[in-house]
Amino acid sequence: MACSATSQPLLNLELSHSHQPKKPFSLSFCSFANKPRLSPKPFSAQAKDYTKIDIFSSPSLFSSRKPRSHVAAQGDYSSGEDAESLVPDSAYQEPFSWYSVILPFLFPALGGLLFGYDIGATSGATISLQSPELSGTTWFNLSAVELGLVVSGSLYGALLGSLLVYPIADFLGRRRELIIAALLYVLGGVLTAYAPGLSVLLVGRLLYGLGIGLAMHGAPLYIAETCPAQIRGTLISLKELFIVLGILLGYFVGSFQINAVGGWRYMYGCSAPIALLMGLGMWSLPPSPRWLILRAVQGKGSLQEYKEKAILALSKLRGRAPGDGASEKQIEDNLILVKSAYMDQESEGNILEVFQGPSLKAFIIAGGLVLFQQITGQPSVLYYAGPILQSAGFSAAADATRLSVVVGLFKFLMTWIAVVKVDDLGRRPLLIGGVGGIALSLFLLSAYFKFFGGLPFVAVAALLLYVGCYQANIIWAYQLANGV
């Protein structure tokens, strides 16, 4: 998407009592490994402080069996006695009920839906806002720069929100971060809907964008930290599906309100009730147990107090009785492992190590994928779908917005296929095929404006191919960015 300010914790630690280093080293990979044994190999430290540590990034999060510790750290290793088993068997899967998983996924995912909704609603709003008959304003004659600021105002806010939230995310916690995001969504939506002039409209767009920045950072973290391990990858990918569902919803609302005077106000204002639902839902959910354990180990408060809060949070998330024995044992096991990791870590990594050695190659590949996906212009196509279709021959506003719905439906379908089939088809074939399809669609789209102006179906077909191929390969990059 145009903005996906998700955050992958920078440092993982993985302990093994069966190997001891001959010289000081810095631990660099922490997870509850979902395998019986690890072969030690060097890793580069990837974080500059303990606040960015992902202590439970592996598939065995909060498993009820006692974890076995493994070591993967820099340095030379000598063999040693096998330690007592502390990590669950690879075959173990944490029992859970789908009912207990739905709400901890749904309410954070609404943050992604609201991001997508803004894209879809803006497509119709750009038509309504500039119409002398439909805008309902005296300042409808916007220049290209002013219209661009209206469209991209939420993206500027999202960029700013992403930068602001990074240093305070671990202080706020995932739950409070999403509650603040919901509040910004409500304020931005209401202010935009009732804007008396362009300046107020731009302020509302900026506030809404700040909500996007916080939600795109906090939502994937909360989902990953609270859901059972065996469905974590699926739920993280489904959050991308919610973004596309939001785009489709925005197109639908735009098509219904396009003929109303001041319809752009309704298009933007409809986001407020959804944001209110998101905020109330996050208020009802507990904090992430993983975040509570992090705060305890980092000495941010009473260890016993944070441990009790983590036990209650995990019990609520799993639909168990408050303070049940299974949740207590899981939290105790996690605390033991995290404490051991902090005691054994003798030096801190440096953020500059991301730009060295193997880390630099991974950074270039992952960052390049995200960068070039945006350079293709796909987000702009979604924001300006209505005007593009008007220029392709569907001059009536109602016709253009209805065809936008078709684009949204096709995008949703392709996203669903990509999410379901990504493991069967493979990420590399999806990426290569998607890029090839994007190149072909852009060629057809340019050929339409140059040679086939009398055949509007060529433009529609090229637009659908473009959107579908983009969505097929962005799932690959999205999973890569989130470590799925």
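Residues numbered from 1 in each chain as written. Predicted model: local features only at pLDDT ≥ 70, side-chain atom pairs only at ≥ 80, totals over all residues. Heavy atoms only, no water.

> What's the story with empty space enclosed by the protein in this structure? I'm lost.
A probe as big as a water molecule, rolled over the atoms, marks out the empty space that is left. Within this structure, the stated rule accounts for seven cavities of 30 Å³ or more. Within this model, the second largest cavity holds a volume of roughly 60 Å³. Every residue along the wall of the second largest cavity is listed here: S100, V101, P104, F105, I223, T226, C227, P228, L235, L317 and R318. The biggest single contributor to the lining of the second largest cavity is helix α1 (residues 98-130), with four residues. Looking at the lining of the second largest cavity residue by residue, the class counts come to eight nonpolar, two polar and one charged. (1 Å grid on protein atoms, 1.4 Å probe; cavity = no way out; pocket = protein on both sides within 12 Å on 5 of 7 lines; lining within 4 Å. Points joined across faces, edges and corners; volume = space filled by probe spheres on them. Helix = DSSP H or I, 4+ residues; strand = E, 2+ residues; numbered from the N terminus. Nonpolar A, V, L, I, M, F, W, Y, C, P; charged D, E, K, R; others polar.)

> Is there a simple way to think about the packing of aromatic side chains in this case?
Centre-to-centre distance and the angle between the planes together describe a pair of aromatic rings. For the structure shown, the criterion picks out four aromatic pairs. With a centroid separation of 5.9 Å and 70 degrees between ring planes, the pair formed by W139 and W264 is classed as edge-to-face. Taken together, the residues span a long stretch of sequence, with W139 in the loop between α1 and α2 (144-165) and W264 in helix α7 (residues 263-269) at a distance of 125 residues. You'll find W139 and W264 in the same group, each marked buried. When the centroid spacing of 4.8 Å and the interplanar angle of 55 degrees are considered together, the rings of Y185 and Y208 count as tilted. In this pair, Y185 is assigned in helix α4 (residues 174-193) and Y208 in helix α5 (residues 198-226), connecting sequence segments 23 residues apart. According to the relative accessible area criterion, Y185 is buried, its value standing at 0%. Its end group placed over the ring of W283, R175 keeps NZ or CZ at 5.6 Å from the ring centre. The ring of Y306 carries K309 above its face, with NZ or CZ at 5.6 Å from the centroid. (Phe/Tyr/Trp six-rings, centres within 6.5 Å; stacked < 30°, edge-to-face > 60°. Buried < 20%, exposed > 50% of the residue type's maximum accessible area, 1.4 Å probe, protein only. Lys NZ or Arg CZ within 6 Å of the ring centre and 35° of its normal.)

> So what exactly am I meant to see when it comes to the confidence of the model for the chain here?
One rule of thumb: low pLDDT means the predicted coordinates there are not for detailed reading. Looking at the chain, the pLDDT average stands at 76 and 75% of residues meet or exceed 70. Here residues 1-92 scores under 50 on pLDDT; set against residues more than four positions off or in separate chains, the count is 255 contacts. (pLDDT = per-residue confidence, 0-100. Contact = heavy atoms within 4.5 Å.)

> Whenever I open this one, the nonpolar core confuses me. Can you help?
Generally speaking, soluble globular proteins have nonpolar side chains that are buried together. One finds F115, Y185, L201, L235 and M278 to be the most contacted residues of the largest nonpolar core, which totals 82 residues. In terms of residues, this core owes the most to one element, α1, which gives 14 residues. If we ignore the near neighbours within four places in the chain, the residues touching M278 are F107, L110, G111, L114, L178, A181, A182, Y185 and A215. Counting twelve residues, the second-largest nonpolar core is a separate cluster that includes I293, A296, I311 and I331. (Core = buried A, V, L, I, M, F, W, Y, C linked by side-chain atoms within 4.5 Å.)

> When you look at helix α6 (residues 232-257) in this model, what are you seeing that I'm missing?
In an α-helix there are 3.6 residues to a turn, and that puts residues three or four apart on one side. Between its first and last C-alpha atoms α6 spans 38 Å; for 26 residues at 1.5 Å apiece the expected length is 38 Å, and the two agree. The buried fraction of α6 is high, at 19 of 26 residues. (Expected span 1.5 Å × (residues − 1).)

> Quick question: what am I supposed to make of the environment of F107 here?
Tracing the backbone through its elements, the reader meets F107 in helix α1. Between the C-alpha atom of F107 and that of L285, which follows or precedes it by 178 residues, the distance is 8.9 Å. Beyond its immediate stretch of four places on either side in the chain, F107 contacts L277, M278, G281, M282, S284 and L285.

> Looking at this structure, how should I read the side chain of R175?
Residue placement: R175 occurs in helix α4. As a buried residue without a salt bridge, R175 has its nearest oppositely charged side chain in E225, at a separation of 12 Å. A polar contact is formed between the side chain of R175 and the backbone oxygen of L285, at a distance of 2.6 Å. Non-local contacts of R175, meaning those with residues more than four positions away in its chain, are made with Y222, M282, W283, L285, P286 and P287. (Lys, Arg positive; Asp, Glu negative; His and termini not counted. Salt bridge = Lys/Arg side-chain N within 4 Å of Asp/Glu carboxyl O. Polar contact = N/O pair within 3.5 Å; in protein donor to acceptor, adjacent residues only side chain to side chain.)

> Would you explain the pattern of salt bridges in this entry?
Pairing is possible between side chains that carry opposite charge, provided their charged atoms lie close to one another. Applying the stated criterion across every chain yields a total of six salt bridges. Between E305 and K309 there is a salt bridge, and its shortest N-O distance comes to 3.3 Å. One end of the pair, E305, and the other, K309, are both in helix α10 (residues 303-317), four residues apart, so they sit about a helical turn from each other. A residue is classified by how much of its surface remains accessible, and E305, at 42% relative accessible area, is partly exposed. Here D399 makes a salt bridge to R402, at a shortest N to O gap of 3.6 Å.

> Just checking my understanding: could you explain the side chain of R318 for this structure?
Mapped onto the secondary structure, R318 falls in the loop between α10 and α11 (325-344). By relative accessible area, which is 8% here, R318 ends up buried. A polar atom in the side chain of R318 sits 2.8 Å from the backbone oxygen of T226.

> So what exactly am I meant to see when it comes to helix α9 (residues 289-297) here?
Burial of α9 is extensive: nine of the nine residues sit out of reach of the surface. When α9 is considered as a whole, its buried residues turn out to be P289, R290, W291, L292, I293, L294, R295, A296 and V297. Once α9 finishes, G299 follows within two positions and takes phi at roughly 75 degrees, a positive value.

> When you look at the packing of α2 against α5 in this model, what are you seeing that I'm missing?
Axes are the key here: two packed helices are described by the angle between their axes and the distance separating the axes. At a closest axis distance of 6 Å, the pairing of α2 and α5 adopts a crossing angle of 40 degrees. The angle between the axes of α2 and α5 places the two elements in the oblique class. Judged by the sense of rotation from one axis to the other, the crossing of α2 with α5 is right-handed. Within the contact of α2 with α5, the residues separate by chemical class into 14 nonpolar, eight polar and two charged. (Axes fitted to C-alpha atoms, helices over the stretch in contact; angles between N-to-C directions. Parallel < 35°, antiparallel > 145°, perpendicular 65-115°, else oblique. Left-handed = near helix turned anticlockwise from the far one by under 90°.)

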